[in-house]
Structures are given as C-alpha cells and as structure tokens.
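# An overview of the molecular structure
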Amino acid sequence: MAGICEGGNEPAGSLKAICNFQKGKEKSAKLQTTLTAKYPEGKPIKTAKYNHVMTLMIFIPVAYQEFYPNLKPENSPDDYVEDIDVHM
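This section reports on the structure supplied with the text. (Residues numbered from 1 in each chain as written. Predicted model: local features only at pLDDT ≥ 70, side-chain atom pairs only at ≥ 80, totals over all residues. Heavy atoms only, no water.)

## Some details on the overall build of the protein chain
- Looking only at helices and strands, the protein chain features 1 helix and 3 strands.
- Counting helices and strands in the order they occur from the N terminus, the protein chain gives β-β-β-α.
- With 88 residues in all, the protein chain has 12% of them scored as buried. (Helix = DSSP H or I, 4+ residues; strand = E, 2+ residues; numbered from the N terminus. Buried < 20%, exposed > 50% of the residue type's maximum accessible area, 1.4 Å probe, protein only.)

Laid out in structure tokens, this is it:
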C-alpha cells in the first residue's frame, strides 16, 4: 500500500497531515488528521547526551546545525553554556 502525505500550516506545536493511500487498482483511502506535539516546549535531554551531541557537530551538515544547539539539557537555565570545543 503506497501513500502520499502532505503537511499543512497549523498553529505552533501541531501538524496537519493529509494522506492518500492506494493498493493496486483499489479505490484510494484518504486520512486527514492534526497531530499535536507531546512536548511543545521541547523535552530536556540528559546533560551527557547534550555534551556528546555538541562534540559531534563537526559531522552534522551545516543545513541542520541550527537545530542542535537549541536542545536543552536537563536541569539547566535557558542560557546554558557548556565549555566544549566545537568546530562548526
């Protein structure tokens, strides 16, 4: 069963998905739903994992690097700064 899905613009923290499914020559089925984020403010990750991800930034393509520094480690203030040598 092949499916084609499209996303739509929804309020922050939610995603509207419309999917069409068809198997062979059978009539297609359409599914439309709005998904909401379980953690709209983000879920903190373990500090050790955050530090490890930051050391791997040199391997992450530049187009995706903006996402990772915005991760929040557990029990940290919003202005968390870790003294790690990161070469971007």
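## Things to note about helix α1 (residues 47-55)
- Considered for burial, the residues of α1 that qualify are Y50, N51, V53 and M54. The buried residues of α1 all sit within an arc of 160 degrees when viewed along its axis, so they share a single face. More than 90 degrees from the buried face of α1, the exposed residues found are A48 and K49. (Arc of directions from axis to C-beta.)

## Thoughts on the environment of L15
- For L15, the position within the fold is in strand β2 (residues 14-22).
- Owing to a relative accessible area of 43%, L15 belongs among the partly exposed residues under this scheme.
- Residues L15 and A37, spaced 22 residues apart in sequence, show a C-alpha to C-alpha distance of 8.1 Å.

## Focus: the pattern of salt bridges
- With the rule as written, the count across this model stands at 1 salt bridge.
- For K46, the salt bridge identified is with E74, shortest N-O distance 3.9 Å. With K46 in the loop between β3 (29-36) and α1 and E74 in the segment after α1, the pair connects residues that are 28 residues apart, well separated along the chain. (Salt bridge = Lys/Arg side-chain N within 4 Å of Asp/Glu carboxyl O.)

## Examining the environment of Q32
- Checked against the element boundaries, Q32 lands in strand β3.
- As for Q32 and I18, which are separated by 14 residues in sequence, their C-alpha atoms are 4.4 Å apart.
- Among all residues touching Q32, those that are not within four sequence positions of it are K16, A17 and I18. (Contact = heavy atoms within 4.5 Å.)

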